[in-house]
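Reading the structure
The primary structure of each chain is shown beneath.
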Amino acid sequence: MLALAVSGKLRASGSQYKRLDVGRDSVTIMPIMNICVIGTGYVGLVGGACLADRGHKVTCVDIDTDKIARLLKGELPIFEPGLDEIVARNMKEGRLICTTSYKEGAKDAEIFFITVGTPPKENGEADLQYVYKVAEQIGQHMNGYAVVVGKSTVPVGTNRRVKEIIAEQYSGEFDIASNPEFLREGSAVDDFMNPDRIVVGVEADRAKKEMEKVYESFECPKLFLDIESAEMVKYASNAFLATKISFINEIANVCEQVGASVDNVAKGMGLDARIGPHFLQAGIGYGGSCFPKDVRALAQTAGTNGYDFKLLRSVIDVNQHQQLHFLERMRKQLGGFASKTIGVWGLAFKPNTDDIRESVALEMIEQIIKEGGLVQAYDPRAIENVKKEAPQVTCVDSAQCAAHGADALLIATQWDEFNIVDLSQVKANMRGDIIFDGRNMLDPDFVRKQGFIYFSIGR
Ligand SMILES: NC(=O)c1ccc[n+]([C@@H]2O[C@H](COP(=O)([O-])OP(=O)(O)OC[C@H]3O[C@@H](n4cnc5c(N)ncnc54)[C@H](O)[C@@H]3O)[C@@H](O)[C@H]2O)c1
């Protein structure tokens with residue numbers, strides 16, 4: 001059945017779905033695909049909603065019944081700027097369906113996106129059990145030709161294994177593809193809608209054509225590669241960005257020794273077009289659900305294939321050292337953490353998200369509590385998750401409340417709202433007068449003028 005959508009309305013006419021976008025001077029024909037997205041988390045929900053917004057018919061499947069129930073009630077299970085509006089609009093207009101039923105998701109699906117988690121195992125390797133479980137389910141429910149697309153971050157070889165698992169269950173024709181995702185939490189909708197590039201690994205021409213249809217409305221370079229290279233692009237990109245962070249953190253540590261300012265050094269470096277200004281912000285290190293696990297997974301993959309990736313091992317060491325070094329500075333300044341009250345600003349692993357996976361803030365808090373310190377923490381979005389995942393952390397309702405009666409303040413996540421907190425009020429609220437700025441977000445001269453003892457990194 002071919003459906004033509006004119007000004008958003010569908011009508012039947014053949015063997016596939018098309019949409020007509022009628023602009024002022026031109027008429028564009030866009031394919032509409034039936035897409036099943038499996039795993040409705042940060043990547044799956046954002047990707048599914050954005051693809052629906054581009055006109056595709058998307059069914060998001062998740063085994064988390066609570067998550068799907070909340071979505072069906074019109075609530076978002078995660079915080080991501082702009083996502084609520086896009087999910088609501090596309091659900092209302094019938095292009096986005098959320099369900100726990102694989103059967104419903106697989107019905108008429110031309111594309112399956114696998115977007116489940118690939119968390120780290122104890123030894124750093126990516127845990128692929130969720131991806132392989134989904135492959136089994138797809139094999140059981142597939143009912144016609146489709147392309148199964150791996151979007152989860154997975155080591156080389158995983159998508160070929162997915163193909164084998166599906167083929168054990170399903171004897172019809174299908175293809176696989178690897179389509180790593182580069183969105184960043186905090187700006188995920190904009191990143192998905194306006195990507196720098198789309199990378200797709202394919203082995204069959206038919207799969208390439210299907211993927212071209214999925215992304216036809218996206219204006220950016222589209223790179224079609226072999227499957228193994230596509231899988232590797234994601235790990236190499238994240239490992240490179242993590243290397244840039246660890247590099248600037250090392251430079252910051254040298255700056256401290258020689259009396260230079262890492263802010264000025266980063267500015268001078270970033271103006272070089274070969275280097276660029278991004279990921280040159282010194283701080284207490286990277287965290288989150290991607291960099292730590294992906295860097296470790298790549299180092300591990302290299303190792304199991306007989307290659308010692310020395311640079312990556314150093315990147316990991318430097319990252320770990322950054323927070324330990326800062327904790328040591330705090331410990332020294334405070335004469336130990338025992339019975340000291342530390343106000344903490346920021347719990348999410350970065351600003352504009354509620355995600356606390358591998359958050360440096362939480363790792364530091366854990367250590368402070370272990371050494372007898374008392375913590376009162378505030379985050380604009382992550383408190384609900386902290387209450388569930390780290391109930392030992394006392395959370396308060398505002399940045400001022402976190403400062404109240406504190407001996408020292410630790411800034412652990414660079415939320416914009418911390419820039420506009422009234423520091424004279426903070427000073428009046430605190431028992432002590434020390435600010436440890438782990439994200440170099442405040443102006444040292446200004447903070448010192450307010451009467452604080454101020455520590456940051458590399459300046
Ligand atoms: N979060 C990011 O910023 C980001 C960016 C790029 C790539 N990635 C990669 O994308 C993948 C997903 O990451 P995420 O952050 O969206 O994870 P997430 O934990 O937010 O979401 C995963 C979802 O999959 C669901 N799930 C697990 N098993 C399932 C199954 N058998 N069937 C259906 N649903 C199932 C879970 O309930 C969960 O809702 C990971 O490989 C990650 O590395 C993440």
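Residues numbered from 1 in each chain as written. Predicted model: local features only at pLDDT ≥ 70, side-chain atom pairs only at ≥ 80, totals over all residues.

**Focus on the site of the ligand**
Taken together, 26 residues lie near the ligand, and Gly39, Gly41, Val43, Ser152 and Thr153 sit nearest. Of all the secondary-structure elements, those providing two or more residues to the shell around the ligand are helix H1 (42–53) and helix H5 (129–141). (Near = placed C-beta within 6 Å. Helix = DSSP H or I, 4+ residues; strand = E, 2+ residues; numbered from the N terminus.)

**Section: the sheet that holds strand S13 (residues 341–345)**
With parallel pairing, the six strands of this open sheet are ordered in space as S15-S14-S13-S16-S17-S18. Only two strands of the sheet have a single partner each, and these edge strands are strand S15 (394–395) and strand S18 (453–455). One ladder, built from four bridges, connects strand S16 (residues 408–411) with strand S17 (residues 434–437); its direction is parallel. Its bridge partner being in S17, leucine 410 is matched across the sheet by phenylalanine 436. (Pairing = 2+ DSSP bridges.)

**Some thoughts on the domain arrangement of the protein chain**
Size of an interface: often given as the accessible area lost when the parts come together. According to the domain assignment, the protein chain consists of domain 1 (33–227) and domain 2 (260–455). Placing the centre of domain 1 and that of domain 2 at their C-alpha centroids yields a distance of 32 Å. Taken together, the contacts link 15 residues of domain 1 with 14 residues of domain 2. Split by residue class, the side of domain 1 that touches domain 2 holds eight nonpolar, five polar and two charged. (Domains from an automatic or database assignment. Contact = placed C-beta atoms within 7 Å. Nonpolar A, V, L, I, M, F, W, Y, C, P; charged D, E, K, R; others polar.)

**Quick word on the sheet that holds strand S10 (residues 175–178)**
With respect to topology, eight strands assemble into an open sheet ordered S7-S6-S5-S8-S9-S10-S11-S12, the strand pairing being mixed. Two strands close off the open sheet at either side, each with one partner strand: strand S7 (96–99) and strand S12 (222–225). Averaged over all adjacent pairs, the angle separating strand axes in this sheet is 20°, with direction ignored. Two strands pair when backbone bridges link them, and S10 and strand S11 (residues 198–202) are joined in this way by two bridges, in the antiparallel orientation. Among the inter-strand pairings, alanine 177 is bridged to a residue of S11, identified as valine 202. H1 rests against strand S5 (34–38), strand S6 (57–61), S7 and strand S8 (111–114) of the sheet, and its axis sits at about 165° to S6. Packed onto the sheet, helix H6 (residues 158–169) meets strand S9 (147–150) and S10 and runs at close to 145° relative to S9. (Axes fitted to C-alpha atoms, helices over the stretch in contact; angles between N-to-C directions.)

**Focus on helix H13 (residues 360–370)**
All of the buried residues along H13 are Val360, Ala361, Leu362, Met364, Ile365 and Ile368. Looking at the buried positions of H13, the neighbouring elements they touch are helix H12 (310–334), S13, strand S14 (374–378) and S16. With its phi angle positive at about 90°, glycine 372 sits one or two positions after the end of H13. (Buried ≥ 20, exposed ≤ 12 C-beta atoms within 10 Å, placed from the backbone.)

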